Amino acid sequence: MYHDYVSKFKLIVMLIRKQTIAFFIVMIFFCFPQLYAQQKTYCNPINIDYGFTPIPNFSEQGRHRATADPVIVLYKDKYFLFSTNQWGYWWSDDMLRWKFIPRKFLKPGANVYDELCAPAVAVLHDTMIVIGSTYTQAFPLWMSTNPTVDDWKYATDSFKVGAWDPGFLADDDGKLYIYFGSSNTYPTMGQEIDRKTFQPIGVRDSLLHLNDTIHGWERFGEYHDNTFLKPFIEGSWMTKYHNKYYLQYGAPGTEFSGYGDGVYTSDNPLGPFTYQSHNPFSYKPGGFATGAGHGATYQDVYGNWWHVSTMIINIKNNFERRIGIWPAGFDKDDILYCNTAFGDYPTYLPSHKDEDHIKGNFTRWMLLNYNKPVMVSSTYGNYEPNNAVDESIKTYWCAKTANKGEWIQSDLGNVDTVKAIQINYADQDADILGKSTTIYHQYKLYSSLDGKTWKVLVDKSSNKTDVPHDYVEFPDPTLARYIKLENIHMADGKFAISGLRVFGNSNDTKPDTVKHFVVLRGDTERRNAWLKWQQSNDAYAYVIYTGIAPDKLYTSIMVYNVNEYYFSAMDRDQPYYFQIEAINENGESARTSVIKAE
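Just so we're clear, the structure is a prediction, and the values are computed from it rather than from any experiment. In every chain, residue numbers begin from 1 and rise along the written sequence. Whole-chain, interface and lining totals are the exception, using all residues; otherwise, since this is a predicted model, local features are given only for residues with pLDDT of at least 70 and side-chain atom pairs are given and counted only at 80 or more. Side-chain numbers come from the whole structure's heavy atoms, not from hydrogens or water.

Draft legend 1. Structural detail: the overall build of the protein chain. Looking only at helices and strands, the protein chain features two helices and 38 strands. A radius of gyration in this sense is built from C-alpha atoms; the matching globule rule multiplies 2.2 Å by the number of residues raised to 0.38. Radius of gyration (C-alpha) of the protein chain: 25 Å, near the 25 Å computed for a compact globule of 598 residues. Residue contacts are defined here by distance: any two heavy atoms, one from each residue, within 4.5 Å place the two residues in contact. The contacts of the protein chain with a sequence gap of at least 6 include a subset with a gap of at least 24, amounting to 63%. Method for areas: the Shrake-Rupley scheme with a 1.4 Å probe, in which residue coverage is limited to the protein chains shown. Of the roughly 24300 Å² that the protein chain leaves accessible, carbon and sulfur atoms contribute 51%. Under this rule, positive means Lys or Arg and negative means Asp or Glu; His and the chain ends count for nothing. For charged residues, the charge sits on one atom: NZ in Lys, CZ in Arg, CG in Asp, CD in Glu. Here the protein chain carries 57 positive and 67 negative side-chain charges, and the mean point of each set is 5 Å from the other. Secondary structure elements follow DSSP: runs of H or I of four or more residues count as helices, runs of E of two or more count as strands, with numbering from the N terminus.

Printed below as a string of structure tokens:
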């Protein structure tokens, strides 16, 4: 490859000497098309330079990256992303490449670690306003008309609401509202804010309480079992659509795979509110990275709806988390939904107004190396090689060092068509507290047909950016059986990988339709059901679809290498409908017939 580049540069130099500018431009595109290829997809967790937790007693089991509680707003055709404790924020033109703007929002002398925790953001005509969570009345509300740089000033130096987990609504009648609360005792509150003084008007209203005796998904615990703590309601966000107000909230706890977002609706901004029949509307309890709670719903530049939310790791600390973005929207009955099916597989970025956005943006590039053979340069402790291909972000392989030349190799088992790769780094033995803007990853990625002759797929040996969940879509698909990742430089800590995920398509047949799918709903505990099916010999995973009507199967759960699932997120007093499909390297099977569980 090096000699190819030298030859191409020589040709360009010759053209320059002949002053053939037009040919020079053409040859740049010809010789280096990868420089101009526009990536059309992304993959969750999104690849941004997540900061490390700044809180020392949150990192006693190991320093780790952490953020959550994201908000994305569209401002002057650019996307702005704020989240917890990042010492700054990001903006993007395309929802793929995010530029970090360092910024501290606390007043000088503030003796707390929570820098802009669970922020609220709103756009008021040409002005963006931002505030973090606080229980005091001395926290500033910030404003900017130029947020692509660090150009902020006080809207008010003391925001008297004193709200935790706040969210704003700038209504189209000129009024401004705030919604807030994070508690397993107190409800979600709401209040009007004066647009000129930014001070509260009247008294705060109690708007929402959890009702986990009816809503199964609101029960606390990994299995919604409520065995040790009452559930939390938190993460307020308000969306107005067709003159209806959609008040969204997170529950039951950020540590759990069932962390999701629910929604109540009303004809008035401060209620009364009615529970939407489809809930949680944002939910992702299965797959490589789980969780889809405490988020925000927004529109892209084309008018399509999206939902950004918190994803869970929860290994080194309860608050070890990431961010995911999902297609969302409103159906013909104005029901708010979020499509998380294949939510951590390659997904198309917005490029136009999508009239069928409800079907999602999945590329149908399948995972090619789930639990396939792995070879490595070395192994540290019990962080075994196959942890990098077991489809769990909670487990990882770790090399003995961070030295240049440490490597991991994945055998796809067949020669497949590879279209994209996601590299998920882990934080083993990292030693950073807070945000660092000087760390970076460097690596080379190779492919081979036989395990002997290798071709460079990606060369990031000169990269100077922090890419903890690097995702690379190839301009041209490549045939490969073996994929090898070679370390050049780690951002911090040892060379550790929680997921080397290879996407594309194999050249065989899709799996058959799942057989003997049954749903057994409890008589005494109607919030739960046991799902069972015949194991498929030609599938590595299954996607379960469920919902409140045969044409509203908006909830999805991906499970790997099992033939049962215990579903505990149902509302007690309504019927549910279920389908399932099988997944392999070639694609999806036909779905089963819809089953009704009374």
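Here the narrative resumes.
Draft legend 2. Region of the structure containing a nonpolar patch on the surface. The grouping of Val-518, Leu-520, Trp-530 and Tyr-566 at the surface amounts to a nonpolar patch, some 380 Å² of accessible area in total. By secondary structure assignment, the location of Tyr-566 is in strand E35 (residues 564-567). Patches here are clusters of residues that have more than 30% relative accessible area and form no salt bridge, with a 9 Å joining cutoff for like charges and a 5 Å cutoff for nonpolar side chains (Val, Leu, Ile, Met, Phe, Trp, Tyr). We count a salt bridge whenever a side-chain nitrogen from Lys or Arg sits within 4 Å of a carboxyl oxygen from Asp or Glu.

Draft legend 3. Just the confidence of the model for the protein chain, in detail. Looking at the protein chain as a whole, the pLDDT averages 93, with 94% of positions reaching at least 70. Overall, residues 1-36 carries pLDDT values under 50, and its contacts beyond four positions in sequence, including any with other chains, amount to 18 contacts. Each residue carries a pLDDT score, the predictor's own confidence in it, on a scale running from 0 to 100.

Draft legend 4. Seen up close, the side chain of Glu-406. Looking at where Glu-406 falls in the secondary structure, it is placed in the loop between strand E25 (397-398) and strand E26 (407-425). Remark: exposure states derive from per-residue accessible area (1.4 Å probe, protein chains only) relative to the maximum for the residue type, with buried under 20%, exposed over 50%, and partly exposed in between. Look at Glu-406: it is buried, it has no salt bridge, and the nearest opposite charge is Lys-400 at 8.2 Å. Polar contacts here mean pairs of N or O atoms no more than 3.5 Å apart (in protein, one a potential hydrogen donor and the other a potential acceptor; neighbouring residues in sequence count only if both atoms are side-chain atoms). In terms of polar contacts, Glu-406 uses its side chain to reach the side chain of Ser-377, at 2.3 Å. One polar contact links Glu-406 to Ser-378, side chain to side chain, over a distance of 2.9 Å.

Draft legend 5. Region of the structure containing the pairing of strand E7 (residues 127-131). Of all five residues making up E7, five are buried, and the element is well covered by its neighbours. What you see with E7 is no split at all: Thr-127, Ile-129 and Ile-131 on one side and Met-128 and Val-130 on the other are buried throughout. Note that strand E6 (residues 120-124) and E7 share five bridges and pair antiparallel. Its bridge partner being in E7, Val-121 is matched across the sheet by Val-130. From the end of E6 to the start of E7, which pair antiparallel, there are two residues, and His-125 there has a positive phi angle of about 60°. Strand pairing is defined by DSSP finding a minimum of two bridges between the two strands.

Draft legend 6. Highlighting the pattern of salt bridges. Within the structure shown, the criterion is met by 28 salt bridges. Residue Arg-65 is joined to Asp-427 by a salt bridge in which the shortest nitrogen-to-oxygen separation is 3.7 Å. Of this pair, Arg-65 sits in the loop between strand E1 (41-42) and strand E2 (71-75) while Asp-427 sits in the loop between E26 and strand E27 (442-448), and the two are 362 residues apart along the sequence. Taken as a pair, Arg-65 and Asp-427 share a single burial class, namely buried.

Draft legend 7. View of the sheet that holds strand E3 (residues 78-82). Spatial strand order, E2-E3-E4-E5: four strands in an open sheet with antiparallel pairing. Lying at the two open borders of the sheet, with one neighbouring strand each, are E2 and strand E5 (99-102). Direction aside, neighbouring strands of the sheet carry axes that sit 25° apart on average. Sheet analysis places strand E4 (residues 88-92) next to E5, joined by four bridges and oriented antiparallel. The residue of E5 that forms the bridge with Tyr-89 is Ile-101. Note on geometry: axes are C-alpha line fits, over the in-contact stretch for helices, and angles between N-to-C directions span 0 to 180 degrees.

Draft legend 8. Empty space enclosed by the protein, seen in detail. The pocket and cavity definitions rest on a 1 Å grid over protein atoms only: a 1.4 Å probe that fits but cannot leave marks a cavity, an open set with protein on both sides within 12 Å along at least five of seven lines marks a pocket, and residues lining either have an atom within 4 Å of a point. Grid points are joined across faces, edges and corners, and a volume is the space filled by probe spheres set on the points. Evaluation of the coordinates by the stated rule reveals four cavities of 30 Å³ or more. Size it by volume and the largest cavity reaches roughly 100 Å³. Around the largest cavity, the lining comprises 13 residues; the ones closest to its centre are Ile-313, Glu-320, Ile-393, Tyr-396 and Ala-426. Residue classes in the lining of the largest cavity are distributed as six nonpolar, two polar and five charged. Residue polarity follows a fixed list, in which Ala, Val, Leu, Ile, Met, Phe, Trp, Tyr, Cys and Pro are nonpolar, Asp, Glu, Lys and Arg are charged, and the others, Gly among them, are polar.

Draft legend 9. Quick peek at the environment of Thr-41. Structurally, Thr-41 is set in strand E1. For Thr-41, a relative accessible area of 0% gives the class buried. On a C-alpha basis, the gap between Thr-41 and Glu-473 in space is 7.0 Å, while along the polypeptide they are 432 residues apart. Sequence-distant contacts of Thr-41, defined by excluding residues within four places in its chain, comprise Leu-96, Thr-347, Tyr-348, Leu-349, Thr-363, Trp-365, Tyr-471 and Glu-473. Of note is the side chain of Thr-41, whose polar atom sits 2.7 Å from the side chain of Tyr-471.

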